[in-house]
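Observations on the three-dimensional arrangement
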There are 2 protein chains.
Amino acid sequence: MRFPSVALDTLIDEFAKLPGIGRKTAQRLAMYILHEPKIEAEQLAKALLDVKEKVVRCTICQNITDVGTDPCAICASKARDRTVICVVESPVDMLAFEKTGHYKGLYHVLHGVISPLDGVGPDDIKVRELLARIPVGEASGVREVVLALNPTIEGETTSLYLARLLKPLGIAVTKIARGIPVGAELEYVDEATLSRAMEGRTVV
Amino acid sequence: MRFPSVALDTLIDEFAKLPGIGRKTAQRLAMYILHEPKIEAEQLAKALLDVKEKVVRCTICQNITDVGTDPCAICASKARDRTVICVVESPVDMLAFEKTGHYKGLYHVLHGVISPLDGVGPDDIKVRELLARIPVGEASGVREVVLALNPTIEGETTSLYLARLLKPLGIAVTKIARGIPVGAELEYVDEATLSRAMEGRTVV
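All values reported here derive from a predicted model rather than from experimental measurement. (Residues numbered from 1 in each chain as written. Chains lettered and ligands numbered in written order. Predicted model: local features only at pLDDT ≥ 70, side-chain atom pairs only at ≥ 80, totals over all residues. Heavy atoms only, no water.)

1. Things to note about the overall build of chain A
Helix and strand counts for chain A stand at eight helices and six strands. Scanning chain A from its N terminus toward the C terminus, one meets helices and strands in the order α-α-α-β-β-α-β-α-β-α-β-α-β-α. Taking 2.2 N^0.38 as the reference for a compact globule, 204 residues should give roughly 17 Å; the C-alpha atoms of chain A span a radius of gyration of 22 Å, well beyond that estimate. Taken along the three principal axes of its C-alpha coordinates, chain A extends 65 × 50 × 35 Å. Looking at the 204 residues of chain A, the share that counts as buried comes to 44%. Taking all contacts inside chain A whose residues are at least 6 apart in sequence as the whole, residues at least 24 apart take part in 46%. Taken as two groups, the 25 positive and 27 negative side-chain charges of chain A have centres that lie 3 Å from each other. (Helix = DSSP H or I, 4+ residues; strand = E, 2+ residues; numbered from the N terminus. Rg over C-alpha atoms; globule rule 2.2 N^0.38 Å. Buried < 20%, exposed > 50% of the residue type's maximum accessible area, 1.4 Å probe, protein only. Contact = heavy atoms within 4.5 Å. Lys, Arg positive; Asp, Glu negative; His and termini not counted. Charge placed at Lys NZ, Arg CZ, Asp CG, Glu CD.)

Laid out in structure tokens, this is it:
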């Protein structure tokens, strides 16, 4: 059974297409839009179209940026440490590091990881663009590449692949530490993580 | 910390305004829109604008309907029993009854209930429009009004108010049954519901 309004039903259908939004939630969102002032719906509609029109990738780090702000704010910033590049899988991962406020270097967004099962090879992600930032024999200024990929099989494979490519360039290639997360109880930490934590132990 | 794209941040903000959508979900939705084909974003944007342009209220039952379909499909239908009007608080309640496929009469949507604490009086909801459907002394054809409001204090107050207005018109005024829901276990049903179920007992 559907609402006696095609326009409302269409909006419910469109909302329900979004990930994690079921029909019941879609219905609630559509009713909200129906009752809110028209300007609210217009602003959301404009933001939707804008994001498809205006968002591009930074030609240097491949992170998302707006048309007219290329290179992106981080690549263009003079406050960042230009000797370190942190390699991440997606823009949200970069955002996670930025939230810590701790890391001050540059980023490189791969937009994926190598995954033969899904048919994703090195040429399908932004590996070439990463290598272009560290030209052989030239003074690029980059001293270290930090691999910060997700601790999955695909992430580890990609890290291994990148390490092999980057090490011959004479720069330090590091990987973020695997270990017990802050606040975790050892009793409940899984075996793989505990093993990595033991392997990666540091001098106090 | 925010994304290095104003357009994306704006979309996240707009999504986060929706009820039940937090910043993390808004971020996920915005990233989804960013990666989907442009047509998806355009369809959602169009549906948003359409719903504000095209959805109106049926002049008879006050339910939502599209411009050009007034009276609404139910009010205009010849298959419905025109002697019964079911009074509900909102369009979603009407939809709930339609989903049962059991009720074949007409509806009247109040768009609210009387709630003095919130400053909502009888004139703020569609009471006048309901009375207009049952003109005094004329043969309106309506024999029964079923009050199907939510079992809250405001709903009960509104039911009482409507019953007093409608009974003098010489029509049957009924209220949907309060009792134990199908599938419930008596052990866990609250006292108020059990009392109502006992009061409303019927002959087997």
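2. Let's talk about the UniProt feature "zinc finger region: C4-type" in chain A
Listed under "zinc finger region: C4-type" in the UniProt record, and renumbered for this structure, are residues 58-75 of chain A. What you have in residues 58-75 of chain A is 17% helix and 17% strand, and the ends, taken at the C-alpha atoms, are 8 Å apart. (UniProt positions renumbered as here; feature names shortened; annotations may be inferred.)

3. Section: the sheet that holds strand 6 (residues 172-175) of chain A
Residues and elements named next belong to chain A. As summarised here, the arrangement of the four strands in space is 4-3-5-6, forming an open sheet in which the pairing is parallel. With partners counted over all chains shown, the strands left at the sheet margins are strand 4 (105-109) and strand 6, one partner each. When strand polarity is set aside, the average angle formed by the axes of neighbouring strands in this sheet is 25 degrees. As paired elements, strand 3 (residues 81-88) and strand 4 share five bridges and run parallel to each other. If you follow cysteine 86 over to strand 4, its bridge partner there is tyrosine 107. (Pairing = 2+ DSSP bridges. Axes fitted to C-alpha atoms, helices over the stretch in contact; angles between N-to-C directions.)

4. Details of the side chain of B:Asp9
Structurally, B:Asp9 can be placed in helix 1 (residues 6-17). Among the residues examined, B:Asp9 registers a relative accessible area of 9% and is labelled buried.

5. A short note on the nonpolar core
Ranked by internal contacts, the top residues of the largest apolar core, which has 112 residues, are A:Phe15, B:Leu8 and B:Phe15. Sequence-distant contacts of B:Phe15, that is, excluding residues within four places in its chain, are made with A:Leu18, A:Leu44, A:Leu48, B:Ile21, B:Ala26, B:Leu29, B:Ala30 and B:Ile33. (Core = buried A, V, L, I, M, F, W, Y, C linked by side-chain atoms within 4.5 Å.)

6. Regarding the relation of the copies chain B and chain A
Relative to chain A, chain B is turned by 179 degrees and slid 0.0 Å along the rotation axis, the superposed coordinates differing by an RMSD of 0.1 Å. Given the turn and translation reported, the copies of this chain are related as if by a two-fold rotation axis. Judged by C-alpha distance, B:Ala45 is the residue of chain B that lies nearest the rotation axis, at 2.1 Å. When the interface residues of chain B are mapped onto chain A, 100% of them are again interface residues, pointing to one common binding face. (Least-squares fit on C-alpha atoms with pLDDT ≥ 70 in both.)

7. Some points on the pairing of strand 4 (residues 105-109) of chain B
Across the five residues that make up strand 4 of chain B, a large majority, five, are buried. Since strand 3 (residues 81-88) of chain B and strand 4 of chain B lie parallel, the crossover through helix 5 (residues 91-100) of chain B that links them has a hand, and here it is right-handed. (Right-handed = clockwise from strand over helix to strand, strands pointing away.)

8. So, the environment of A:Lys17
Relative to the helices and strands, A:Lys17 is located in helix 1 (residues 6-17). Residue class for A:Lys17 comes out partly exposed when judged on its relative accessible area of 37%. Expressed as a C-alpha distance, the spacing of A:Lys17 and A:Ile39, which sit 22 residues apart in the sequence, is 23 Å. Once residues lying within four places of it in the same chain are set aside, the contact partners of A:Lys17 are B:Tyr32, B:Glu40 and B:Gln43.

9. A few points about the sheet that holds strand 5 (residues 144-147) of chain B
Pairing between the strands of a sheet is mediated by backbone hydrogen bonds and can be parallel or antiparallel. Residues and elements named next belong to chain B. Reading across the sheet, the four strands line up as 4-3-5-6 and stay open at both edges, with parallel pairing between neighbours. In this open sheet, the two strands that pair with only one neighbour each are strand 4 and strand 6 (172-175). This sheet shows a mean twist of 25 degrees between the axes of neighbouring strands, independent of strand direction. Direction of pairing for strand 5 relative to strand 6: parallel, over a ladder of four bridges.

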